[in-house]
Amino acid sequence: MATSQPPAAVTASRCTMETARGKHSFEIASYSTLRGLRQGEFVRSSTFAVGGSNWCVNYLPNGNTVEVDYEEYDYYTDHSDMENDRIEEEEENREYISVYLEHLRGAITANVIFDLRVVNPVTGLSSPEKSYSLVFNHLNTSWGSARFIKKNELEASYVGDDRLVIECGVIVILEEPVSRPKMDWEIKVPPSDILENLGKLLESGERSDVTFKVKGEVFHAHKFVLAMRSRVFEAELYGPMRDKKRQSITVEDMEPDAFKALLQFMYTDSLPPMDDLDLLEKEDLVKHLLVAADRYGVERMKLMCESILWKSLDINNAATILAVADQCHCNNLKKACIGYISSLNRMDDVVASQGYENLKRTCPAFVVDLWERVAKSRRI
C-alpha cells in the first residue's frame, strides 16, 4: 500500500520599490535657426522636478564634441593618432543630433531609469524610445546619446512646421536596496604606512651602511633599498667589481639637491614638493632629476620627469628640453619637442628664444641635428 505524501509547502514573497515618475516635453520652436549653432553648443529645457531632484533636457543640434584626456593614457601613446581619431569621431557626430538628461540639483545621488524620443508636433509620429539606467551623482551629472538620431532622418520624419518635440520620461528610484545591517562595531584597517616608514628610515639614517658624498654634502643610505630599486646601484654595491671595503662613494657631476631627491624617490616613490618653486626653478630641478634618474636607471622617476617637462613645453624652453631629452635618451620626449617646434610654424619663435641661443652656443652640432629633424618631420 503506497504511503501518502504530505502536500508541498508553497511560499511567496514580493519586492516593492518606491519610485517617483515624471515626463517632460521640450519643444524646439525654431529648428532651422538652431542649426546655426556650433558643434557642442546646446539649448536647455526649462527645469522640471522628479523625485526630489531637478532635471533638464539638453539638445545639441549639431552633435557633441569629443574630449580626450591625454594624461590618462600612457606617456608613450602616439597623441597624433589619438587626435586624428578624435577629429574623425567629431566629423561623424556632426551628422547627428545629441540629447542628454542633466541632473541639476537635489539629492546627492539619484538612481534613475529614463527614456528619450523625438516627436513630430504636426503628425504625432515619434521615434523609437532610447532607454537608459544609471546613478546620477556629483561625478556623473549628465547622460544621453551623442548620436541620438541622424539629422537627415530627423528632418524627414520628425520635424514639422519648423518645430521639434523631445519627450523625456524619468523614473527616480527612491528606496535603496537593502544592504548589510550596520554593526555596533567594525574592524578598521589602517592605510599602508610602509613608504612613510621608509622615508623616516632615510631621514634618520639609522642602520645605514653606505655613504655618498656629493659636492661636499654627505648622504647616508641603505644598500639593500638602493639595490632593490636600481640595477645600477645593485651593480655598484653588490656586483663583482665592487670594493667590499669601501663604505663611502663620491658622486661626480651631480647636484646635491638632485641626488637627495633621487634618494627620496628610491625610498618613498615620490618626487620632492615643488609648490614653493617658480616655473624656472621647477623646470631646472626637474631637468636635473631627469639626468639623475637616467644615470641610475630609475625608470618610473624618469617618466615622471619627462611628463612634467612635456606639460611645460613652450617657445622659450623647447630647445633646452629637447637637448636634455636627447642627453637622457628620452625618445618620446624628443618627438614631443620636435612636434611642438614644427607645428604651427613655431620654429622662428624658438630660434628667437634665449634657450635656443644657449643651445647654439654650447651644442652647435645638436642645433644642426635639430634643424634636420624638424625638416624631416615637416616632410612626413
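Worth saying up front: this structure is predicted, and the values here are computed from it rather than measured.

A. Local environment of the pairing of strand β6 (residues 110-119). The buried fraction of β6 is high, at seven of 10 residues. Bridge count between β6 and strand β7 (residues 130-136): seven bridges; the pairing is antiparallel. Residue pairing for β7: Ile113 is matched across the bridge by Ser133. Examined bridge by bridge, β6 and strand β9 (residues 164-173) share nine bridges and lie antiparallel to one another.

B. Structural view of a negative patch on the surface. A cluster of acidic residues, Asp275, Asp276, Asp278, Glu281 and Asp284, forms a negative patch on the protein surface. Position of Asp278 relative to the elements: it lies in the loop between α7 (256-268) and α8 (279-296). Given a relative accessible area of 42%, Asp278 falls into the partly exposed group.

C. Focus on the pattern of salt bridges. In this structure the tally under the stated criterion is 18 salt bridges. Between Glu91 and Arg94 there is a salt bridge, with its nearest N and O atoms 2.7 Å apart. Residue Arg229 pairs with Asp269 through a salt bridge whose shortest N-O separation is 2.8 Å. With a gap of 40 residues between them, Arg229 in helix α5 (residues 223-229) and Asp269 in the loop between α7 and α8 connect regions that are remote in the sequence. Residue class for Asp269 comes out partly exposed when judged on its relative accessible area of 27%. A single network of salt bridges, built from pairs that share partners, joins Lys23, Arg117 and Glu167.

D. Region of interest: the side chain of Glu102. Relative to the elements of secondary structure, Glu102 occurs in strand β5 (residues 96-105). Only 2.8 Å separates the side chain of Glu102 from the side chain of Arg44, close enough to count as a polar contact. Beyond its immediate stretch of four places on either side in the chain, Glu102 contacts Arg44, Asn54, Trp55, Cys56, Asn58, Thr141 and Ser142.

E. Region of interest: the packing of helix α10 (residues 318-327) against helix α11 (residues 331-342). Orientation of α10 relative to α11, taken along the N-to-C sense of each, is 155°, at an axis distance of 8 Å. Looking at the two axes, α10 sits roughly antiparallel to α11. Judged by the sense of rotation from one axis to the other, the crossing of α10 with α11 is left-handed. Contacts between α10 and α11 pair Ala318, Ile321, Leu322, Ala325 and Asp326 from the former with Leu333, Lys334, Cys337, Ile338, Tyr340 and Ile341 from the latter. Class assignment of the residues belonging to the contact of α10 with α11 gives a composition of nine nonpolar, no polar and two charged.

F. Up close: the sheet that holds strand β11 (residues 217-221). Ordered in space as β11-β10-β12, the three strands form an open sheet in which the pairing is mixed. The open sheet terminates on both sides in strands that have one partner only, identified here as β11 and β12 (248-250). Averaged over all pairs of adjacent strands, the angle between their axes in this sheet comes to 25°, without regard to strand direction. As paired elements, strand β10 (residues 210-214) and β12 share three bridges and run parallel to each other.

G. Region of the structure containing unusual backbone geometry. With phi around 60°, Arg207 is a residue other than glycine that occupies positive phi space. Within the secondary structure layout, Arg207 lies in the loop between α4 (194-204) and β10.

Rules and cut-offs
- Residues numbered from 1 in each chain as written.
- Predicted model: local features only at pLDDT ≥ 70, side-chain atom pairs only at ≥ 80, totals over all residues.
- Heavy atoms only, no water.
- Buried < 20%, exposed > 50% of the residue type's maximum accessible area, 1.4 Å probe, protein only.
- Helix = DSSP H or I, 4+ residues; strand = E, 2+ residues; numbered from the N terminus.
- Pairing = 2+ DSSP bridges.
- Patch = residues over 30% accessible without salt bridge, like charges linked within 9 Å, V, L, I, M, F, W, Y side chains within 5 Å.
- Areas by Shrake-Rupley, 256 points an atom, 1.4 Å probe, with all protein chains shown as cover.
- Salt bridge = Lys/Arg side-chain N within 4 Å of Asp/Glu carboxyl O.
- Lys, Arg positive; Asp, Glu negative; His and termini not counted.
- Charge placed at Lys NZ, Arg CZ, Asp CG, Glu CD.
- Polar contact = N/O pair within 3.5 Å; in protein donor to acceptor, adjacent residues only side chain to side chain.
- Contact = heavy atoms within 4.5 Å.
- Axes fitted to C-alpha atoms, helices over the stretch in contact; angles between N-to-C directions.
- Parallel < 35°, antiparallel > 145°, perpendicular 65-115°, else oblique.
- Left-handed = near helix turned anticlockwise from the far one by under 90°.
- Nonpolar A, V, L, I, M, F, W, Y, C, P; charged D, E, K, R; others polar.

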